[in-house]
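Observations on the model geometry
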Amino acid sequence: MTQKNAPTIKDVAREAGVAVGTVSKVINGRSVREPYRRKVEEAIRKLNYEVNTYARGLKLQKSNLIALIIPNTINPFFAAFADYIEEALYQRGYKLLLCCADGDPDKEVSYLTMATQNKVDGIIALTYSDIGNDIADDLPIVVFDRFFDNHVIPRVASDNFSGGCLAVEKLLEFGCRHPVYIRFHSIFPGESDKRRDGYLHACRKHGLEPDFLDEVDSPEALSMMRKFLQEHKRPDGSLTFDGVFAHTDYHGYMFLNLLREEGYRVPEDVQIIGFDGIRKFGGENESLFVSSICQPVRQLAAKCVELVLAEDRADIPSLTLLPVRYEYGGTTKKEKK
C-alpha cells in the first residue's frame, strides 16, 4: 500500500480489519485477544506505521523521553557521558533528548522549560550554572556533580576526594617529592571541588607544603599556567616541583605541552596525573592523553538513568558516589611489578 502521506492509526485499523480502539490498545500495551494483536502488528509492519510519541505522551502523561543537559559534546568526557546515557536509556525503552547549553544559564533555563513543556519523563543535568530556582518540583531530575542550596536533588558523582588523595599518593610512590596542584574551576560549587580537598589532605598526611594554581575557569588559563611555571623556576632553570596533579585531564594535557615547549621532559623531570580518564578517539580501550584518575563514566551514566527512572523517589539517596582508579597514560613512571 503506497501513500503520499504517512499512514495513520485509521489506516492500520482498516488494513487489520479491526476497530481503531483495538489498534490503540495494542500500541499502548493494553490487553487484547491474541489474534487481533497479531493482525494489528502485521498491519503496522506492512504500512511502516510509526507511533506519534509526542501525541501519545500527551494522552498518557508519559513520553519515554529523558532530557540530558550537558555543556557540549566537544569535550570528550561530556561526549562519552552522553553516549552512555543514551545507551542505558535505550536498553530501558527510553529515548534521549540532548541539550547542549555551553554553560550558559539562560540557555540551560530555556532547555529546562522546553523539556518540561514537551512532557519528558525526567531530566539528567550536568550543569555549571545556578539553575536551582528554575527546576520544577514535580519533574524527576538527577544531577551529575552539582548541588543546589534550595533543592534536594539526587546527585551522582565520582569519589573526588579519594581521587585527589590517590593522585598525590601515586606521585609520591613514583618518586615525586614536591607535587603541585593545578585547578581551573566553576564559580558554582560541586563535588569536583573535593579533588582539591583530597590534595590538601594528602599533603598534610605526608608533611608536604601545599603548592597550587587555583583559579576560576578562564580563557587565560594557558597564560596563567605559563606564569606559574616561570615563578617555579630556579636560577639554573630547574623546577621547584617534580609532580603535577591537574584538576582535569584537559588541563594536565595543556601543562604537558607547556613543559615540553620549555624543554622539560615528562615523566623524567616532571610527572603529571590528571583527572577524568579521557581517551583518544573515545573508545574504552583507547589510550589516555595523560596518566589519570579515571572516572567510571559508563557506570555513572547507568546510575543516573537508574535514579531518574526510579518509581519510588523517596528511597533515592541524596548523593551516590562511585569509586575512581588510577591508570597509566605515559606521563608518570611505570609502576614496578
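No experiment lies behind these values; they were computed from the predicted model shown.

Quick notes on the rules
Residues numbered from 1 in each chain as written. Predicted model: local features only at pLDDT ≥ 70, side-chain atom pairs only at ≥ 80, totals over all residues. Heavy atoms only, no water. Helix = DSSP H or I, 4+ residues; strand = E, 2+ residues; numbered from the N terminus. Rg over C-alpha atoms; globule rule 2.2 N^0.38 Å. Buried < 20%, exposed > 50% of the residue type's maximum accessible area, 1.4 Å probe, protein only. Contact = heavy atoms within 4.5 Å. Areas by Shrake-Rupley, 256 points an atom, 1.4 Å probe, with all protein chains shown as cover. Core = buried A, V, L, I, M, F, W, Y, C linked by side-chain atoms within 4.5 Å. Expected span 1.5 Å × (residues − 1). Salt bridge = Lys/Arg side-chain N within 4 Å of Asp/Glu carboxyl O. Pairing = 2+ DSSP bridges.

Focus on the overall build of the chain
On a plain count of helices and strands, the chain comes out with 11 helices and 12 strands. Since a compact globule built from 337 residues should have a radius of gyration of about 20 Å, the 25 Å found for the chain marks it as more spread out than a globular shape. Along the first, second and third principal axes, the C-alpha atoms of the chain reach 90 × 40 × 35 Å. Counting every position in the chain, which comprises 337 residues, the buried fraction comes to 46%. Looking at the chain alone, contacts between residues at least 24 apart form 66% of all its contacts between residues at least 6 apart. Of the roughly 17,600 Å² of accessible surface on the chain, 49% is carried by carbon and sulfur atoms.

So, the nonpolar core
Among the nonpolar cores identified, the biggest contains 28 residues, and Phe-81, Ile-85 and Ile-124 are the most heavily contacted of them. Sorting the residues of this core by element identifies strand E1 (65-70), helix H5 (76-91), strand E4 (141-144) and helix H11 (297-308) as the ones contributing at least two each. By residue number, the principal contributor to this core is H5, which donates 8 residues. Residues contacting Phe-81, with those up to four places away along its chain left out, are Leu-68, Ile-70, Ile-124, Leu-126, Phe-144, Val-297, Leu-300, Ala-301 and Cys-304.

As for helix H7 (residues 160-173)
For H7, which comprises 14 residues, the first-to-last C-alpha distance of 20 Å matches the rise-based estimate of 20 Å (1.5 Å per residue) to within 8%. Those residues of H7 that fall on the buried side of the exposure criterion are Asn-160, Gly-163, Gly-164, Cys-165, Ala-167, Val-168, Lys-170 and Leu-171. One or two positions beyond H7, positive phi appears at Gly-175, with a value near 105°.

Brief notes about the pattern of salt bridges
Applying the stated rule across the entire model yields 21 salt bridges. Across the pair Lys-46 and Glu-15 runs a salt bridge, and its minimum N-O distance is 3.0 Å. Within this pair, whereas Lys-46 is found in helix H3 (residues 34-47), its partner Glu-15 is found in helix H1 (residues 9-16), the two being separated by 31 residues in sequence. Its relative accessible area of 48% is what places Lys-46 among the partly exposed residues. Arg-298 is the salt-bridge partner of Glu-284, the closest N and O atoms lying 2.8 Å from each other. Here Glu-284 is found in the loop between strand E9 (271-276) and strand E10 (292-294), whereas its partner Arg-298 is found in helix H11, with 14 residues between them in sequence. For Arg-298, a relative accessible area of 29% puts it in the partly exposed group.

A short note on the pairing of strand E11 (residues 319-322)
Burial along E11 is one-sided: the face carrying Thr-320 and Leu-322 is buried and the face carrying Leu-319 and Leu-321 is not. In this sheet, E11 lies alongside strand E5 (residues 155-158) in parallel orientation, the contact comprising 4 bridges. Counterpart to Arg-155 in the pairing with E11 is Leu-319.

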